[in-house]
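# Survey of secondary and tertiary structure
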There are 2 protein chains.
Amino acid sequence: MVFDTLQAYQRSIALRAGIDLDLFTAIAEGNHSLSAIAKRIKASEKGTRVLCDYLTMTGFLLKQSGQYSLTPDSAAFRNRQSPAYMGTMANFLMSPTIAGMFEDITGVIRHGGALPSEDGVLEPDHAIWVEFARSMAPLMQVPAREIATVFAGSKPIRVLDISAGHGLYGISFAKQNPNATIVGVDWASVLEVAKANAANAGVADRYSTIPGSAFDVDFGSGYDIILIPNFLHHFDAATNEKLLRKVHAALVPSGIVITPEFIPNEDRISPPRDAMFSMQMLSTPAGDAYTYSELESMFRNAGFASNELRELPPFPQRLVVSQK
Amino acid sequence: MVFDTLQAYQRSIALRAGIDLDLFTAIAEGNHSLSAIAKRIKASEKGTRVLCDYLTMTGFLLKQSGQYSLTPDSAAFRNRQSPAYMGTMANFLMSPTIAGMFEDITGVIRHGGALPSEDGVLEPDHAIWVEFARSMAPLMQVPAREIATVFAGSKPIRVLDISAGHGLYGISFAKQNPNATIVGVDWASVLEVAKANAANAGVADRYSTIPGSAFDVDFGSGYDIILIPNFLHHFDAATNEKLLRKVHAALVPSGIVITPEFIPNEDRISPPRDAMFSMQMLSTPAGDAYTYSELESMFRNAGFASNELRELPPFPQRLVVSQK
């Protein structure tokens, strides 16, 4: 097992190579023999053979009588022609910036977090967040729609989307509720991606933006719903409470905050995807994958009257829903 | 699954961090609470918590009521005080040289192998092979002993160990058979490790060496057994056949060659550990994880009369045994 785990990094690299070479698209187009696939992806037969076999062993392809085909998952998510294509995720999850956060993980563990650095991902206008907005959007489409289905209603509402990124959370509210107006907050460069997505969704006339740091900009007030997707995990509790007090002030009296997050159970070892996220966050200066009790305490300290943890199956993330 | 696979590299990095910080040794010494473990490994409690939880989720630790303990495997192999300690493996398997071979894996797949480079692992006296000899020895002890038990006999024999590395394969023959004399071939710097291991095993008086490239040096002749452990996978078939003709000439008429290797089945997708090794070898200019039929053909072309594939359970590798 130690051997397999010490080589697990090759699984990430091989999948990324398959995506980069458009191997899955090539097979979806009807290329099943090694020679046909190799020709289509413009690679050597030997390299194609090794990659296809490796991706078969790791569960992304099927091999029978020397012919390769796609698993149902690969057909849906890794064929570039599929509407649910998610191959772009590799651009963010395995970017030099994100993977580079693990370069001195031993030092980070000793210290309890990364030392703040001038090219850290929390610095103003860091380019990684444009990559995030572009790459991770396909993964967020379904959960964003699910949340809007539950919470958007049909009355006129004002929605603030903090750390909007691709903007899909807010945009889903605009799509679901024709009387909703959305304000996205993020770095100016990131908001260009959100605005393009809003235009594509046909809701640009109800989508406006506030560029800058969520900690510094003036949110305005009178919001019915404030979304804080995947943002609090970057900061320590005191910093989050400061932000949440500002969020509290920007809500109408009946307003709610919806916070999609990686939320491990109190044992911190389940569910694995949420709990493992703490390793990624350790490589920020003070972030964490917070348990519900930790998040609940932050919201309570910031003045929120009540909080609730909601599941979002089958999506791995969960929501905290907080009442002003 | 794509999400998990794109982050699988973190599994490798986290295990390496646990080994580097001697976390497993700390727990073996009786430290089970977060504060005691953190103090012992001189790390922050937060970093220790994240690492311990991550290693629990990936199967290397147990967690109960907030206390951590070792799995039986971790107690045997990852506690530095255990005689079967294998933590050093990380130094080789995750060395910048080995992991660095994947930096341009997409280019390597296109090309069908790495372009020869001046700092490639096949260059004379490359330092990685000293690291290999030092780091991988613990993993090889059991299979080396098993092979010697089967093949060493008790008659006077001369054994040639090609690409001796740590020397354990040849040394096991010397330990098993007091009438065996061993000659190890490898780079001079690597043979220093083998000689030290021979001295530790009390067989230095029957262990001699030939420093240099196996392709260039004079083996001498009259060997009863020639070992070629994990060497052929670095080269193409023609290069291997050239070496095997030289090996054939160095054997006595009744001599045999024993070749421990990663040998995938003909389907090239099983067993996974052998078959996955082809990805590692793709990052050499012309190496591969060869199937038995490919190896059999190389030996036959080099003049060997017969070959046999032997399993070596529970060790993942297999043997080709070839009769002159």
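Residues numbered from 1 in each chain as written. Chains lettered and ligands numbered in written order. Predicted model: local features only at pLDDT ≥ 70, side-chain atom pairs only at ≥ 80, totals over all residues. Heavy atoms only, no water.

## Structural notes on the overall build of chain A
Across its full length, chain A carries 16 helices and 9 strands. A compact globule built from 324 residues would reach a C-alpha radius of gyration of about 20 Å, and chain A, at 21 Å, matches this within 12%. Projecting the C-alpha coordinates of chain A onto the three principal axes gives extents of approximately 65 × 50 × 35 Å. Residue burial in chain A is summarised as follows: out of 324 residues, 59% are buried. Within chain A, residue pairs in contact and separated by at least 24 positions form 68% of the contacts whose partners lie at least 6 positions apart. With an accessible surface of roughly 12600 Å², chain A has 53% of that area assigned to carbon and sulfur atoms. (Helix = DSSP H or I, 4+ residues; strand = E, 2+ residues; numbered from the N terminus. Rg over C-alpha atoms; globule rule 2.2 N^0.38 Å. Buried < 20%, exposed > 50% of the residue type's maximum accessible area, 1.4 Å probe, protein only. Contact = heavy atoms within 4.5 Å. Areas by Shrake-Rupley, 256 points an atom, 1.4 Å probe, with all protein chains shown as cover.)

## Section: the side chain of H233(A)
Residue and element names in this part refer to chain A. With respect to the element layout, H233 can be found in the loop between β6 (223-227) and α14 (237-250). Judged by relative accessible area, which is 4%, H233 ranks as buried. Non-local contacts of H233, meaning those with residues more than four positions away in its chain, are made with E261, F262, F277, M281, G287, D288 and Y290.

## Structural notes on the interface of chain B and chain A
Every contact between the two is made by 67 residues of chain B and, on the other side, 67 residues of chain A. Where chain B abuts chain A, roughly 6200 Å² becomes buried across the two surfaces, and 70% of that area is made up of carbon and sulfur atoms. At the surface where chain B touches chain A, the tally comes to 4 salt bridges. Note that D288(A) and R49(B) form a salt bridge whose closest N and O atoms lie 2.5 Å from each other. Linking chain B to chain A there are 24 residue pairs in polar contact (both at pLDDT 80 or more). Broken down by class, the residue content of the side of chain B that touches chain A amounts to 36 nonpolar, 16 polar and 15 charged. (Buried area = accessible area lost by both parts, 1.4 Å probe. Salt bridge = Lys/Arg side-chain N within 4 Å of Asp/Glu carboxyl O. Polar contact = N/O pair within 3.5 Å; in protein donor to acceptor, adjacent residues only side chain to side chain. Nonpolar A, V, L, I, M, F, W, Y, C, P; charged D, E, K, R; others polar.)

## Looking at the sheet that holds strand β8 (residues 306-311) of chain B
Residue and element names in this part refer to chain B. As summarised here, the arrangement of the 7 strands in space is β5-β4-β3-β6-β7-β9-β8, forming an open sheet in which the pairing is mixed. A single partner strand is all that each edge strand has here, and the edge strands are β5 (207-211) and β8. Taking the axes of each pair of neighbouring strands and ignoring which way they run, one obtains an average angle of 20° across the sheet. As paired strands, strand β7 (residues 251-261) and strand β9 (residues 318-323) are joined by 6 bridges and run antiparallel to one another. Note that in β9 the partner of T259 across the bridge is V320. The sheet strands contacting helix α11 (residues 137-151) are β6 (223-227), β7, β8 and β9, and the helix crosses β7 at an angle near 155°. (Pairing = 2+ DSSP bridges. Axes fitted to C-alpha atoms, helices over the stretch in contact; angles between N-to-C directions.)

## What to know about the side chain of D53(A)
Tracing the backbone shows D53(A) in helix α5 (residues 45-57). For D53(A), a relative accessible area of 1% gives the class buried.

## Concerning the pattern of salt bridges
Tallied over the entire structure, the rule returns 20 salt bridges over all chains. For R273(B), the salt bridge is made with D4(A), and the minimal N-O distance between the two is 3.2 Å. Taken together, the positions of R273(B) in helix α15 (residues 272-282) and D4(A) in helix α1 (residues 2-6) put the pair across two chains. Taking the relative accessible area as the measure of exposure, R273(B) reaches 26% and is therefore partly exposed. By relative accessible area, which is 36% here, D4(A) ends up partly exposed. E311(A) is the salt-bridge partner of R318(A), the closest N and O atoms lying 3.0 Å from each other. Residue classification places E311(A) among the partly exposed residues on the basis of a relative accessible area of 48%.

## Digging into the packing of helix α10 (residues 128-135) of chain A against helix α11 (residues 137-151) of chain A
Residue and element names in this part refer to chain A. At a minimum axis distance of 6 Å, the contact between α10 and α11 shows a crossing angle of 60°. One way to sum up the angle between α10 and α11 is to call them oblique. Between α10 and α11, the contacting residues are F132, A133, R134 and S135 on the first element and A137, P138 and M140 on the second. A breakdown of the residues in the contact of α10 with α11 according to their chemical character gives 5 nonpolar, 1 polar and 1 charged. (Parallel < 35°, antiparallel > 145°, perpendicular 65-115°, else oblique.)

## Here we look at the relation of the copies chain B and chain A
With an RMSD of 0.0 Å, the fit of chain B onto chain A corresponds to turning through 180° and sliding 0.0 Å along the axis. The two molecules are tied by a two-fold rotation axis, judged by turn and shift. For chain B, the minimum C-alpha distance to the rotation axis belongs to Y9(B) and amounts to 1.7 Å. Most of the interface of chain B is mirrored in chain A, where 100% of its interface residues again form contacts. (Least-squares fit on C-alpha atoms with pLDDT ≥ 70 in both.)

## What about the pairing of β6(B)?
Residue and element names in this part refer to chain B. Summarising burial for β6: 4 of the 5 residues are buried, a large majority. Two strands pair when backbone bridges link them, and strand β3 (residues 157-162) and β6 are joined in this way by 3 bridges, in the parallel orientation. Note on β6: the bridge partner recorded for V159 is I225. One ladder, built from 4 bridges, connects β6 with β7; its direction is parallel. When the bridges of β7 are listed, I225 appears paired with I256. Remark: the β6/helix α14 (residues 237-250)/β7 crossover connection has right-handed handedness. (Right-handed = clockwise from strand over helix to strand, strands pointing away.)

## Considerations on the nonpolar core
By size, the foremost hydrophobic cluster in this structure holds 181 residues, and its most contacted members are F173(A) and F173(B). The contacts of F173(B), once residues within four sequence positions are left out, are I147(B), A148(B), F151(B), A152(B), I157(B), V159(B), A180(B), I182(B), I225(B), L227(B) and I258(B). (Core = buried A, V, L, I, M, F, W, Y, C linked by side-chain atoms within 4.5 Å.)

## Side note on the pairing of β5(B)
Residue and element names in this part refer to chain B. Where strand β4 (residues 180-186) meets β5, 5 bridges bridge the pair, whose relative direction is parallel. Of the residues in β5, the one forming a bridge with G184 is T209. The parallel pair β4 and β5, bridged by helix α13 (residues 188-200), forms a crossover whose chirality is right-handed.

## Concerning unusual backbone geometry
All names here are of chain A. Cis geometry is found at the peptide bond from S270 to P271, where omega equals -20°. Structurally, the position occupied by P271 is in the loop between β7 (251-261) and α15 (272-282). Positive phi, normally seen in glycine, also occurs at D22, with a value near 60°. Checked against the element boundaries, D22 lands in the loop between α2 (9-20) and α3 (23-28).

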